[in-house]
Amino acid sequence: MTHVITEHPYFGVFVLFALTAVAFPATLWAARFVSRKFARLDTERLKLSIYECGPEVTKQPNAISAQFYLIALLFILFDVEIIFMFPWAIDFKLLGWFGFAEMILFILLLAIGFVYAWKKGALEWHSIK
């Protein structure tokens, strides 16, 4: 190859994409480097001081229960599965009995997953198994 093909209509877009792919991480790295150099590291006493009123602040480990994340994950999972029912409801007559059978199977699989999570205790807030 003796020459580079630059006549393609999207060559400029590709070049901009490649430059962005290099410039964005470089900018993030530079911002991180500069902020770490200029950051004040002696603010621990200031963070623990009382602001106007309230009890004395004590350091505590921020232990968030994994049960919270499990319930949030299950909520998102079931929420996204419910969203899949909207296109089916719009084209219900067009899909006919085959679409109805597919949705019944989908709801059945969704119910099996829900019952499984329920039996494992994933939906109980104070029970961690």
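The structure displayed is predicted, hence computed values, not measured ones.

Reading guide: rules and limits
- Going along each chain's sequence as written, the residues are numbered from 1 onward.
- For a predicted model such as this one, the threshold for reporting local features is a pLDDT of at least 70, and the threshold for listing and counting side-chain atom pairs is 80 or more; totals across whole chains, interfaces and linings nevertheless cover every residue.
- Side-chain calculation: all heavy atoms of the structure are included, whereas hydrogens and water are not.
- Elements are defined by DSSP. Helices are runs of H or I of four residues or more, strands are runs of E of two residues or more, and each kind is numbered from the N terminus.
- Buried means the residue's accessible area, taken with a 1.4 Å probe over protein chains only, is under 20% of the maximum for its type, while exposed means over 50%, and partly exposed covers the values in between.
- In this analysis, two residues are considered to be in contact whenever any of their non-hydrogen atoms come within 4.5 Å of each other.
- Here the accessible surface of atoms and residues is derived via Shrake-Rupley with a 1.4 Å probe, and residues count as covered only by protein chains that are part of the display.
- Patches draw on residues past 30% relative accessible area with no salt bridge. Two like charges within 9 Å are joined, as are two nonpolar side chains (Val, Leu, Ile, Met, Phe, Trp, Tyr) within 5 Å.
- Salt bridge criterion: a side-chain nitrogen from Lys or Arg within 4 Å of a carboxyl oxygen from Asp or Glu.
- UniProt positions are given in the numbering used here, feature names are shortened, and annotations may be inferred rather than shown by experiment.
- Here the expected span of a helix is defined as 1.5 Å times the quantity of residues minus one.
- Here, the term nonpolar core denotes a set of buried Ala, Val, Leu, Ile, Met, Phe, Trp, Tyr and Cys residues that are joined through side-chain atoms within 4.5 Å.
- Working definition: rings of Phe, Tyr and Trp (its six-membered ring) pair if their centres are within 6.5 Å, and the pair is stacked with planes under 30 degrees apart, edge-to-face with planes over 60 apart, and tilted otherwise.
- Here, axes are lines fitted to C-alpha atoms. For helices the fit covers the stretch in contact, and angles between N-to-C directions go from 0 to 180 degrees.
- Angle categories are assigned with fixed cut-offs, so that under 35 degrees is roughly parallel, over 145 is roughly antiparallel, 65 to 115 is roughly perpendicular, and the rest are oblique.
- Residues are grouped as follows: Ala, Val, Leu, Ile, Met, Phe, Trp, Tyr, Cys and Pro are nonpolar; Asp, Glu, Lys and Arg are charged; all remaining types, including Gly, are polar.

Each helix and strand counted, the protein chain has 5 helices and 0 strands in total. N-terminal to C-terminal, the α/β element order of the protein chain is α-α-α-α-α. Counting all 129 residues of the protein chain, 9% fall into the buried class. Counting contacts in the protein chain only where the partners sit at least 6 residues apart, residues at least 24 apart contribute 53% of the total. For the protein chain, the exposed surface amounts to about 12200 Å²; the carbon and sulfur share of it is 73%.

The next subject is a nonpolar patch on the surface. Taken together, the side chains of F14, V15, L16 and L19 present a nonpolar region at the surface, about 400 Å² in accessible area. Given a relative accessible area of 54%, F14 falls into the exposed group.

What follows covers the UniProt feature "transmembrane region" (unreviewed entry) in the protein chain. Listed under "transmembrane region" (unreviewed entry) in the UniProt record, and renumbered for this structure, are residues 12–31, 68–90 and 96–118. Annotation note: span residues 12–31, helix share 100%, strand share 0%, distance between end C-alpha atoms 28 Å. Helix and strand shares over residues 68–90 are 96% and 0% respectively, and the end C-alpha atoms of the span are 34 Å apart.

Bringing helix α3 (residues 66–83) into the picture now. A rise of 1.5 Å per residue sets the reference length of α3, with its 18 residues, at 26 Å; its end C-alpha atoms lie 26 Å apart and thus fit the reference within 8%. Residues of α3 that are buried sit in contact with α4 (85–90) and α5 (92–119).

Our next topic: the nonpolar core. With 7 residues, the main nonpolar core is built from L74, F78, M85, M103, L110, A117 and A122. Only α3 and α5 provide two or more residues apiece to this core. In terms of residues, this core owes the most to one element, α5, which gives 3 residues. Setting aside residues up to four positions removed in sequence, L110 forms contacts with F78, E81, I82 and M85.

Under the counting rule described, the total for this entry stands at 7 aromatic pairs. Consider the rings of W29 and F33, whose centres lie 5.5 Å apart with planes at 15 degrees: the pair is stacked. Taken as a pair, W29 and F33 lie in helix α1 (residues 11–38) at a separation of 4 residues, close to a single helical turn. What makes W29 exposed here is its relative accessible area of 56%. Centroid distance W97 to F100: 5.7 Å. Interplanar angle 90 degrees. Geometry classified as edge-to-face. Here the residue W97 and the residue F100 both occupy positions in helix α5, the gap between them amounting to 3 residues, near one helical turn. Relative accessible area serves as the criterion here: at 71%, W97 is assigned to the exposed category. Feature note: the residues W88, F92, W97 and F100 constitute an aromatic cluster, connected by ring pairs.

Let's shift gears to the packing of α3 against α5. Axis separation between α3 and α5 bottoms out at 11 Å; the angle between their running directions is 170 degrees. The angle between the axes of α3 and α5 places the two elements in the roughly antiparallel class. Between α3 and α5, the residues in contact are L74, F78, E81 and I82 and F106, L110, G113, F114 and A117, respectively. Here the residues of the contact of α3 with α5 are counted per class, giving 7 nonpolar, 1 polar and 1 charged.

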